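Remarks on the overall topology
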Amino acid sequence: MAPMTALAALPAHGVGSREDLPLPFAYVLVGAALALAVSFVALGLGWRTPKIRAEDGVQLPGGVQRFLDSRGLRVVVAVAGLALTAWTLLALAAGQDDANNPVPYVVYVWLWVALAFASILLGPVWSLLNPVHWLHRGILAAARIAPDFVLTERRVGYWPAAVGLFAFVWLELVAPDNTSLTTMRVAIVGFLLIDLVLALVLGARAHREADPFEAWSRLLGTLSILGRRTDRRWVARTPVHGPILLEIRPGLLATASVMLGSTAYDSFAGQPRWFTFVQGTAQPRLIETLGLLGMCLVVAGLMYGATALSARLAHQPVRGMASAFAPSLLPIAAGYLVAHYWSLWVWEGTNALAKLSDPLGTGANWLGTGHLTPSAALIAPGFVSVLQVVAIVTGHVLGVVVAHERAVALFDRRTAVIGQLPLVIVMVVYTVAGLTLLFSH
């Protein structure tokens, strides 16, 4: 049996998917719309000046500060990341090309979904786990080259990350035989080489924005309640502080649009009508590619159009406005990601840990995790349905808050509220579309 057939419950997904029973859909939509409307009205009445500052936050106890900044913690996390990389490469190089090989699960579930969840909770954890950082540093050290060596001073921002993330989701959602070891070998080795070259050209600092998974982790990590003040002290803060304080860089809107648009397309690709249409065409992969690209462009286009209209209503320049409001997409993308991938993470994430115990496919149980099974309680339909709605609505409400804070900072008080109306309408569209895609399978 081909690996893809054995692994995939839906043709659009790399290692399977799960369907969950819906809540009463009319109530879901009404509740979501009311939440956004009440949030907008409340913010407009009581939040008339910028309130988010870099020095905000409740300082964590000294012991926690020392633990988070300790060299030991960083070494342990880095070693764990390198060990997992080496273990995965062992399965990639010498494992069996069948449904029990853990590599696709590590790539499509752990590297994509688990990294996202960990970043939302803890911050940009990939900055410590990223094996390319250590390869880069090792090469420079071996060649006796200064750690800050770069080939160009030009800053490309998030554009390489946007392209890289799109390539990854294309591989996951569109590419044929995307779980075969041949495909995995080409994709992983190709990514490591390209990303290493990117690090050598741009330098470590710029690479943190340009690396696809670094950007993925850092942008989602802005939503963590853990953060640093201007004095570098660790604090607990609200999830909107990170997106608001994020430095606006070129390609940010494109990257955020890929983050949200790819997850939306993953839901859309599971619609029976779309799947039937695609399979009835002469070039199904081309149609799927255009569908994925189109969904990302729709997200970006709606944001650009809404911010352009907002700028005109507020009598402000249109140029740069979409990038300024792009951080408001981050909580929306995070909420939709949690809603869409929770079941996949519980189910296939556990399966990945079980399969990692036998990387060579010999029937071994080296890690003692070979008999693990997913928790039924965590994927019960009722629990998952509530989680999905809460995640999406919370993400959109936080998006409204981020947009409002940015609006009162950019627009004068009289036009700040009216200028946000196009953005709120777009967020309602995102909410309704997201819930419809999730609950209409």
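These figures come from a predicted structure and were not determined experimentally. (Residues numbered from 1 in each chain as written. Predicted model: local features only at pLDDT ≥ 70, side-chain atom pairs only at ≥ 80, totals over all residues. Heavy atoms only, no water.)

Things to note about a nonpolar patch on the surface
Residues V298, L302, I425 and V429 make up a contiguous nonpolar surface patch of about 320 Å² in total accessible area. The topology assignment puts V429 in helix α18 (residues 413-439). Under the relative-accessibility criterion, V429 is labelled partly exposed at 41%. (Patch = residues over 30% accessible without salt bridge, like charges linked within 9 Å, V, L, I, M, F, W, Y side chains within 5 Å. Areas by Shrake-Rupley, 256 points an atom, 1.4 Å probe, with all protein chains shown as cover. Salt bridge = Lys/Arg side-chain N within 4 Å of Asp/Glu carboxyl O. Helix = DSSP H or I, 4+ residues; strand = E, 2+ residues; numbered from the N terminus. Buried < 20%, exposed > 50% of the residue type's maximum accessible area, 1.4 Å probe, protein only.)

Quick look at the nonpolar core
W112, W216, M259, F325 and L329 are the most contacted members of the largest nonpolar core, which has 102 residues in total. Looking at this core, the element that brings in the most residues is helix α16 (residues 329-356), giving 13 residues. In terms of nonpolar packing, the next biggest core, distinct from the first, is built from seven residues, V109, A114, A352 and L356 among them. (Core = buried A, V, L, I, M, F, W, Y, C linked by side-chain atoms within 4.5 Å.)

Quick notes on the pattern of salt bridges
Counted under the stated rule, the structure contains nine salt bridges. Across the pair E214 and R218 runs a salt bridge whose closest N-O atoms are separated by 3.1 Å. Residue E214 and its partner R218 are both found in helix α10 (residues 212-221); the two are separated by four residues, about one turn of the helix. Through salt bridges with shared partners, one network takes in R53, E55 and D56.

As for the packing of helix α8 (residues 159-173) against helix α14 (residues 284-313)
Where α8 contacts α14, the axes come no closer than 11 Å and their chain directions differ by 135°. Between α8 and α14, the angle falls in the class oblique. The element α8 and its partner α14 pack so that their crossing is right-handed. Taking contact as the criterion, the partners of F166, V169, W170 and L173 in α8 are, on α14, E288, T289, L292, L293 and C296. The class makeup of the residues in the contact of α8 with α14 is seven nonpolar, one polar and one charged. (Axes fitted to C-alpha atoms, helices over the stretch in contact; angles between N-to-C directions. Parallel < 35°, antiparallel > 145°, perpendicular 65-115°, else oblique. Left-handed = near helix turned anticlockwise from the far one by under 90°. Contact = heavy atoms within 4.5 Å. Nonpolar A, V, L, I, M, F, W, Y, C, P; charged D, E, K, R; others polar.)

Some words on the confidence of the model for the protein chain
Low pLDDT marks stretches whose predicted atomic positions should not be read closely. Taken over all residues, the pLDDT of the protein chain has a mean of 89, while the share at 70 or more is 92%. A low-confidence stretch, residues 1-12 (pLDDT under 50), is modelled with 27 contacts involving residues beyond four sequence positions or located in other chains. Note that residues 18-22 has pLDDT below 50 and, in this model, 13 contacts with residues that lie over four places away or in other chains. (pLDDT = per-residue confidence, 0-100.)

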